[in-house]
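Geometric and topological summary
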Amino acid sequence: MTDAATRPADAATTAPVLDVRGLSVRFRMRGERYVRAVTDAHFTLEAGQRLALVGESGCGKSVLASALLGLLPENAETAGSALLGDGTDLLAADERTLARTVRGRKVGLVPQSPAAHLTPVRTIRSQLEETVRELLRTPRAAVRKAAEEAAGRASFPADHLDRYPHELSGGLAQRAATALALIGDAPLLLADEPTTGLDRDLVEHTVDELARHTGSSRALLMITHDLAAAERIADRIAVMYAGRIVEICDAEDFFGARGPRHPYARGLLNALPEREFAAIPGMPPELGALPEGCAFAARCGRASEACRVQPPFADLLACHHPVSDRPAADPADPAEALEAEHA
Amino acid sequence: MLEVDAITAGYERHKPVVRGVSLTVRPGESVGLLGPSGCGKSTLARVAALLHRPDAGRVVVDGTAAAGWRHRAPRAQRTAFGVVFQQPRLSADPRLTLSALIAEPLRANGRADEVPEKVRESAARVGLGDELLGRRPHEVSDGQLQRACVARALILEPRWLVCDEMTAMLDASTTAALVRVVEDYRADTGAGLLAVGHDKALLTRWCDRTVHWSELEA
Amino acid sequence: MAEVAEKAVKAEMSEQPAVAWRVRGVRRRSTRTWRLRTSAAITLAVVVAVLLVPPLVQLDEQAVDLASKLQPPSLAHPFGTDDVGRDLLLRCVYGLRVSLLVGVVAAVVATVIGTAVGAAAAAAGGRVDRFVMRLVDLFSSVPHLLLGIFIVAMFRPGVWPVVVSVALTHWLSTARIVRAEVLSLRSRPYVDAAISGGASRWRVTVRHLLPGVLPQAGLAAVLMVPHAIWHESALSFLGLGLPTHQASLGTLVQSARGSLLAGDWWPTLFPGLFIIVPTLAIAGLAGAWRERLNPRRRSELML
């Protein structure tokens, strides 16, 4: 298992594509109130890795994506750092740097609704050519060819290049948007709910293509509420609850026999129709009025006195009473429980 | 019995998206209608709920043929259906609080005196607390808003439920919770269900039987 | 064990230091509030002046004082005097009063007519909609200043014919905006849900559609006030609006044309400014309103 919080010292030579440390976002509301949308997120992404960030709507996962793209609204405040491989801090960079050197070039965005992401009044070809010109500074004569190549990389059929977005099916629009995201050859691909509203075949097709594009040279961060899509694409799953990443887990373990260790992640998995189809009781807390301690405690069957204190995010898990295959020796002592599992 | 008989429907002339489709839901039965996006299954659901006038064909609700669609359908026939749509944001009037949203069908039918009691009952059924009921749609999450939309659909105690991709925007836990709500309601009242969607695993788990769109088209 | 504990400690420490929050977008916000405040202050000053000055300073609009005609701006007459010796500042305030009255009343009347026609056309749909909108097109095809002149010419000069003329020529655009907005709202699922819940046509229109377009209609009304002021000024400038002795910004500019050619600039400049500055202030307020309507700004929290 890779560990996000502590990497070996020689990591400096092969810096990860994205290193997020203590990323927090809060929104300033009227009357000095704050809504803490993301709290203290830590994770790293190496080239070739595909991380799926899953959670309920309103858990803060889209805010995290917006923070990484510098697209937060004005009343947002950020803390922590999100370092790209070359040392750019996505949270500290100003708008000019983000627009000129980051978006498209270092971070490619695969949007939520491709049809809305494409300009409706221009053909796919003209949008690809514009992006090629802007990002690659391709000489005029070569633009047309470069745009066609870009379309080819995303398997967008060349005979559809002169169509307008509304003339494309959902799948082709998705490929067109992916082609645009890939042009800058960004080392980090960020997909924000790329499969919402698509039917199952198209979901599988879309995530397979995303996996193909990630290959071994790029890293992919996919934000989704669709666990099936996450299972198909990701090698690691990060579960977010009430603004915090509560567990990061290898996808094989997460969906496999071992299962996730955090009770929330377990509940989410068990809610799938393929499994128990049982909802987690209650609803997530408001991000504007988070309880003291573990935010999941109120809905958690394993909660105890210890859960009044926020569990630290250690060993890729933030829970006082993680679920493990064998009964924990003493649920009040997380270290022992962990040790039992390590043994 | 809900009979949808040889329906042809669309939004532009001579370009029907639904061609000659027939489907029957027996009382108390739940039918899942599977199909790829854009195939016309949502249009069929709207026709079945008397919300879209088809170009040809008829809908028979409990033995009575639909006399009209939208406002032209008799109120008793319209309110026999509870409908839930895919996107809760678009299905909720942004100016109404959640409790006003849930109460709206009662008020529209001149039953304002029953509002406090029924809203409390209906909100409890979907798990919405008092604090959330006072908020407006932009102050709650998609999942919470969809709960309110389900509560609104159930408040008149319809004999038929039409759920068009009800859970497509929701996470697994909220999906399971809302399906539970619908199933509990059906167990209490014996209402029939037409659930439209693209998620095979979900609909096979949820419904008595599922039909695929390709089997329906003549 | 020790390794795990160490990790826990590290995680603790990364949380402990007082979180340094980075704030974004402060500057843009402050220019925006600055603009809003200036606009609001000017509009407020204009309204107060227009409401308070006439009762406090009883001005005989017909009185002339030829001894002090065409005096440049001074302490006694900050805006100078006109060609028959009347104080320009006072006349400007009186003129603004008439213009504002015409502007506001005409804008309100036009908005009410426009909203009613637009909403009715959209709610009825079909043939009624087509007929009404062709009628609107027909009216729009006539230059509306011409139409306004035609209406004014049917009455004796005075404030109310001008109001009627401006109102009757300005509801067309509002009707179009409201109709388009209602049509887009009508296809929303929440209208479907209301129909399925048994709501009548009337109830859907009044409870769900009209409240949805009111902010847009209100914005159109605010934007129409300056437009109506300019229209009144234009009519008066052409001599078709108010009688010449009654101060209005249009008549002031018109009667100052002669002195402008003689090099006396103040009788033209100050009434001109009185047209332009309130216009910009009201437009500034309308701009702030439009930004509030913008859904991207309205949802401050995107989750």
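In this report, we go over the structure that sits alongside the text.

Cut-offs and rules
Residues numbered from 1 in each chain as written. Chains lettered and ligands numbered in written order. Predicted model: local features only at pLDDT ≥ 70, side-chain atom pairs only at ≥ 80, totals over all residues. Heavy atoms only, no water. Helix = DSSP H or I, 4+ residues; strand = E, 2+ residues; numbered from the N terminus. Buried < 20%, exposed > 50% of the residue type's maximum accessible area, 1.4 Å probe, protein only. Contact = heavy atoms within 4.5 Å. Buried area = accessible area lost by both parts, 1.4 Å probe. Salt bridge = Lys/Arg side-chain N within 4 Å of Asp/Glu carboxyl O. Polar contact = N/O pair within 3.5 Å; in protein donor to acceptor, adjacent residues only side chain to side chain. Nonpolar A, V, L, I, M, F, W, Y, C, P; charged D, E, K, R; others polar. Axes fitted to C-alpha atoms, helices over the stretch in contact; angles between N-to-C directions. Parallel < 35°, antiparallel > 145°, perpendicular 65-115°, else oblique. Left-handed = near helix turned anticlockwise from the far one by under 90°. Pairing = 2+ DSSP bridges.

**A few points about unusual backbone geometry**
Within the chain, aspartate 40 of chain A stands out as a residue other than glycine whose phi angle is a positive 50°. As for its placement among the helices and strands, aspartate 40 of chain A is situated in strand β2 (residues 33-45). Relative accessible area serves as the criterion here: at 12%, aspartate 40 of chain A is assigned to the buried category. At aspartate 62 of chain B, a residue that is not glycine, the phi angle is positive and equals roughly 50°. Taking the relative accessible area as the measure of exposure, aspartate 62 of chain B reaches 33% and is therefore partly exposed.

**Looking at the interface of chain A and chain B**
With 26 residues of chain A at the interface, the matching set in chain B holds 27 residues. Carbon and sulfur atoms supply 57% of the area buried between chain A and chain B, which totals about 2000 Å² over both sides. Two residues, arginine 135 of chain B and glutamate 286 of chain A, come together in a salt bridge whose shortest N-O distance is 3.2 Å. The interface formed by chain A and chain B includes 6 residue pairs in polar contact (both at pLDDT 80 or more). When its residues are assigned to classes, the side of chain A that touches chain B shows 11 nonpolar, 7 polar and 8 charged.

**Let's talk about the packing of helix α5 (residues 115-126) of chain B against helix α7 (residues 142-154) of chain B**
All names here are of chain B. One way to put it is that α5 packs onto α7 with a least axis distance of 9 Å and a crossing angle of 130°. As summarised for this structure, α5 and α7 are arranged oblique, according to the angle between their axes. The handedness of the crossing between α5 and α7 comes out as right-handed. The segment α5 lies against α7, with Ser122, Arg125 and Val126 engaging Arg147, Val150, Ala151 and Leu154. The class makeup of the residues in the contact of α5 with α7 is 4 nonpolar, 1 polar and 2 charged.

**A look at the sheet that holds strand β1 (residues 2-12) of chain B**
Residues and elements named next belong to chain B. The sheet built from 4 strands is open, its strands ordered β2-β1-β4-β5 with antiparallel pairing. Each edge of the sheet is formed by a strand with only one pairing partner; in this case those strands are β2 (15-25) and β5 (64-65). Pairing geometry for strand β4 (residues 56-61) and β5, over 2 bridges, is antiparallel. Of the residues in β5, the one forming a bridge with valine 60 is alanine 65. Here helix α1 (residues 41-48) sits on the sheet in contact with β1, β2 and β4, set at roughly 120° to β1.

**Let's talk about the interface of chain C and chain B**
How big an interface is tends to be stated in terms of accessible area lost as the parts join. Counting residues at the interface gives 20 residues for chain C and 26 residues for chain B. Interface area, chain C with chain B, both sides summed: about 2000 Å², of which 53% is carbon and sulfur. At the boundary of chain C and chain B, one finds 4 salt bridges. At the junction of chain C with chain B, the criterion picks out 13 residue pairs in polar contact (both at pLDDT 80 or more). Put simply, the parts of the chain that give the side of chain C that touches chain B at least two residues each are α7 (189-196) and α8 (201-237) of chain C. Of the residues assigned to the side of chain C that touches chain B, the class counts are 8 nonpolar, 6 polar and 6 charged.

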